Each structure stands twice: as C-alpha cells, then as structure tokens.
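Summary of structural features
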Amino acid sequence: MGSLFRSEEMTLCQLFLQSEASYACVSELGELGLVQFRDLNPDVNAFQRKFVNEVRRCDEMERKLRFLQKEIEKDEIPVLDTGENPDAPQPREMIDMEATFEKLENELREVNNNAEALKKNFLELTELKHILRKTQVFFDEREGGVDEVMSKNLLPPEIGAGGQLGFVAGVIARERLPAFERMLWRACRGNVFLRTAEIETPLEDPSTGDEVHKCVFIIFFQGEQLKSRVKKICEGFRATLYPCPETPAERREMALGVMTRIEDLNTVLGQTTDHRHRVLVAAAKNIRNWFTKVRKIKAIYHTLNLFNLDVTQKCLIAEAWIPVADMETIHLALRRGTERSGSSVPPILNRMDTKEEPPTYNRTNKFTGAFQNLVDAYGVAAYREVNPAPYTIITFPFLFAVMFGDCGHGLIMALFGAWMVIKEKPLQAQKSKNEIWTMFFGGRYIILLMGLFSIYTGLIYNDVFSKSFNIFGSSFKVNYGDEMILTHKQLQLNPTTRDYYGTPYPFGIDPVWQVSSNKISYLNSYKMKSSIIFGVCQMLFGVILSTWNHRFFNKPLNIWAEFIPQVIFLTFLFGYLVILVFVKWIAYDASTAGCAPRVEFQSKFYGGTGHPFVPFSFDAILDQSYTED
C-alpha cells in the first residue's frame, strides 16, 4: 500500500530564488500542492511585509468581483463554468485586470444610479397619475357646492360658509394611513375634510426594489394656519405631496403630459435595463476565471511574504517541508518557473538537517480522501506512524451497519451514494455553496459503503423498513388450538418442547421474533453481544498494529513494556468477556438459559498526537474560496 499504509517521508529544504523568478516558481509549486512553506518572519507584522501592497491590490480586485457577482446573481444570469483552471497571470497583467474591473464597476454603478434615478422619477409620475385620477371624484363633490361638503358633518357650518376652501393632495403608505387620519383629526380639531382611495396596483420602491402599497389622499381646509399644520403632519408621516390644479381643464392637460412622460421614461428604462443586462452577461462569461486568477495571485504574494530577503535584496530565501519521493517533481517545477520568468540563474534547493518533527502527510485520492479526513478528525497520527485510514475503509461502514441494520433504508442510502458517484463530475462542477450538501458529496464513497454494509446486516437482522421477510419459514410451530388462541392475548412458544423444530433459521434471525412481545430485549441482547465482539476485535487489531510502529522506529523496549501488557490486559479482561459470550451461546441451551452469566462493557477512545501536513495548493485555496462565497 506504500504511502497509504504509512505517512510519507518528509524533508526540510532551503530554497533560494531570484526575485524576478520567485513569482513564477511559487506559482508552479502551488499548482503541484506538494510543498508546505514555513514562516521565516514570525515577528513581522502582516502590514509591514514586502508584498503587502500587492495583497491589498488583490483584495480590492476581489471586492470588485464580488460586487459584479452580486449584481449577476440579482439578475439571475447563469454563470458560465467551462471547468478550466487558468494559470496564475504574470504580475504585469495585474494592471490590465485592475483597469478592466475598475471600468466594469464604474460602468455598472453609473448604470445603477441612472436606473435608480429614472425609477424614482417614474414612481413620482405614477403617483401623480393616480392622484389626478382619484381626486377627480373629490373635486366633483367639491364643485357640487359647499353645502354638500358640509352635509358630511366633517366641517362646522360657520367654517364651510366662510369662504373658499384650500386643499393639498398626495400619497402615503397604506400602513401609515390610520395613524395619519387620527393625527389630522386631533391636531386640526376636526376642521379638515380628508378623503382617501387606495392604489390598486402595488408600486416599486426604486431603492430596494420591493413592492409597496400606497393610498391617495386629498385634504380640504380653510386658512393658512391649517395649511401649514397639515403640511407639517404630512412631512412627519413621510407622505409625498403633489401639485394638483383646481380646474378640470388644467387637470386634464396635466394628466396628458404625465402620460407622455411616463411612456418616454418606460422607453429609457427599457434601454437602460438592456444595457445593464448586456454588461452583466459579458461579465458572467469570465467571472469564474477572474476569481481564480485573482485568488491565485493573492495566494502567491501571501506565500512570498513568508520568505526572507538576503542582504543584497536580490534573492528570496524560503524553508519548506517536501515529500522525499517528490523531490524530482519539485526540481522540474522550479525549472519551469525559471524558464517562464526568463531568469538565467537557476533556483537552489538544499536539504537541511533538523531535529524538528516533520508534519504528517498521507497521500490520498478522491476515494481515500474522505476516510482520511474522518480519521484526522479524531486525531492525526504522528510522523511515519501506521495510517489507520485503509482499515477504516472497511471497519467504519461495517460498524455503522451493525448499528443501523436495516436492509430497506440501507438500499436507499446505497442508491443515494451510487448516484453521487455516477454523477460525480457534473455535481462537482456546480461548486455548491451549501455546507450540508458539500459534506454529503465529500463523503459519497462512505455513504455508498455504509449503505451496502447496511443491506447485509439488515438481511442478518431480518429487518426491512422495520419489517421482516419470511423466505425459509419459521423454525417455530404453534401447537395451540383455536379456542386457546382466541381466549388468550399472549401465548408462549417454548423452544424446549415440540414448539421448536430444533434447526435454526438458515440465514439471519427467525421472523417469528418480529411478532413476539420480548422482541426488543432479545434483539438488544443479541446486538449488544455482537457489538462487544466486534469492538474488542477492532481494539485488539489496533494494538497489534502498534507493533509495526515499534519495529519501524526501532523501539524493542516498547514491545515488552507497552504492547505485551496491553495485549495481556485486553485479552484477559475483554477477551475473557468475549469468551463468556461464546460460552453462553454454545454451552447453554433453552433449558439452562437462566443460569447463563451477565456481562457489561465500556470503552474510551484517545486521539492522535501528530500535526498534519498543510501544503501550499491552489486547489485547496479555490475550494475554500468557493465555499465562503
């Protein structure tokens, strides 16, 4: 199994790079994902490092791209994902990228501002249109005479008969209307006449884009003092007042002008929306690649900040952990980076002697990666220790199935895992941001194996969707008559008598237990004993694996002082417990089951003590960035 059985052999190397070739070389190493750099400037503040300005420029470009992405998602424009992984651009290309993003952001912000101003103007004209329509009825009533207004019992006769009434018209949010009416009545002491009408069509807020419901109102009053008071109340309730002519001819002429302006605004708004849509569609074709390029540039400069400058300021010095088996690959990557940069001085990679414990690096693929992450979640093995991940590929799904044990639900789980495995590439290309789905998809092979093992244990437990299936017929027979069956709620089938054929069920558990009253106690006892046997075997297997570590690290004393006492303790205590379980199954039958021994069991797990190998990898950086977005 090679590196899967035991972690990779690592070495600490010192790397000398020319300043002009450092960017290209680090870019090549990032594509490999096999190098873990050490920070040689731990005491230097992040804002005082050499390439902090470049990192800030990348942050600014990311901000502009996030703004573009937000606008694209707002318009529900599909983002083109070709699946390609572009290389990190050269440093001189950053200027062109910054100019492109700046142009797009400014153009989009200008279009948004213009569209918002047009929508605001369109809202005002629409409200004015509704005011001219709704208030026509109010003015018709007013033109009928003062006596008709007074007949509403809203104005005293002496006020209505005193002279000409003034009025203001406007719109107000529907939810504010009741409080607005009460305030007018109290503040003006009932000396105003208010008429309202709801606008049937909801209006669009130009700032938020939300739909709002508004009402048209017109207020009749007499005197400048009441006029001032009414306007202040309207201002306090955020009501919008509009000019409304008194004569029908002027109102008709204004309505025609408003309709003409609304039509013109609709045309301009349509052209503005089309232009904005074209800009966003063009940006959506490249935004994935832009994000990838900017994040790679940022990762490169962040890594370069970990390096040291020599006294001549022309050479960068780095230290990194590298797998010994990949030394030649690292040399080739550095050579390609040097050729890309056009430098004539090749980089220098020297191995260093150190007593520091190297990081633990277990090489994985898409199948073993999920199981390795599962093991590392409990504890990372020390450097060059035996890796338990390959054994977990079998033991974890099997022990889960021992607990789960349902053939029907296991089939559903296996089908779900198989679907994710078959549709792996298209599902992976979606780059979903849902954390739960990402967790499920990352463990698709674990789900598949757990489902397959659950089908097997479900057959053993004779359990399908909490029901049993009777294939071979029960080994128990009923010797009771019809009268006995009808008069007794429960009847006992005694295996010591002729109620039992004497031959066990061929495969799994007899289906007669599904209808028995002591089903739970019987199955729990059976599953508990099976779990004890498998658990003790797994612990004993883990202890035996430790001998490979003692022999590999040449520690014979650990075999005598650690391994042998552990085996003795485990076998003489828990092994004896397993032996008792088998003795109970073999030596005791139905007639002597009451004399069988009872046992209990408890265990505890201790995690590892190592620290993981975290290489500089563009793939890990991009996956994390897509999840955060």
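Residues numbered from 1 in each chain as written. Predicted model: local features only at pLDDT ≥ 70, side-chain atom pairs only at ≥ 80, totals over all residues. Heavy atoms only, no water.

Test applied: UniProt positions are given in the numbering used here, feature names are shortened, and annotations may be inferred rather than shown by experiment.
Per an unreviewed UniProt entry, the protein chain goes by V-type proton ATPase subunit a and derives from Cyprideis torosa. For the protein chain, the Function (unreviewed entry) comment in UniProt is given as "Essential component of the vacuolar proton pump (V-ATPase), a multimeric enzyme that catalyzes the translocation of protons across the membranes. Required for assembly and activity of the V-ATPase."

**Points about the overall build of the protein chain**
For the record, the criterion: Secondary structure elements are defined from DSSP: runs of H or I of at least 4 residues count as helices, runs of E of at least 2 residues count as strands, and each element is numbered from the N terminus. For each residue, the accessible area found with a 1.4 Å probe, counting protein chains only, is set against the maximum for its type, and the residue is called buried under 20%, exposed over 50%, and partly exposed in between. Contact between two residues is taken to exist if any of their heavy atoms lie within 4.5 Å; hydrogens are not considered. Surface accessibility in these figures is a Shrake-Rupley result with a 1.4 Å probe; residues are shielded only by whichever protein chains are displayed.
Secondary structure summary: the protein chain contains 20 helices and 11 strands in total. For the protein chain, the proportion of its 629 residues judged to be buried stands at 40%. Sequence separation of at least 24 residues holds for 81% of the intrachain contacts in the protein chain that already meet a minimum separation of 6. Accessible area of the protein chain: about 36200 Å², with a carbon and sulfur share of 56%.

**A closer look at unusual backbone geometry**
In this model, Arg238 sits at a positive phi of 55°, which is unusual for a non-glycine residue. When you line up the elements, Arg238 lands in the loop between α7 (224-236) and β8 (240-242). Positive phi, close to 55°, is recorded for Asn462, a residue that is not glycine. Looking at the element boundaries, Asn462 is found in the loop between α16 (444-461) and α17 (482-487).

**Focus: the environment of Thr503**
For Thr503, the location among the structural elements is in the loop between α17 and α18 (519-552). Taking C-alpha positions, Thr503 is 9.9 Å from Ser474, a pair spaced 29 residues apart along the chain.

**A few points about the pairing of strand β3 (residues 166-173)**
Quick reminder of the rule: Here a strand pair is declared whenever DSSP counts at least two bridges between the two strands.
Across the eight residues of β3, seven count as buried, placing the element largely inside the fold. In terms of strand pairing, β3 meets strand β7 (residues 214-221) through eight bridges, oriented antiparallel. The residue of β7 that forms the bridge with Ile172 is Cys215. Pairing between β3 and β8: three bridges, direction antiparallel. Residue pairing for β8: Ala169 is matched across the bridge by Tyr242.

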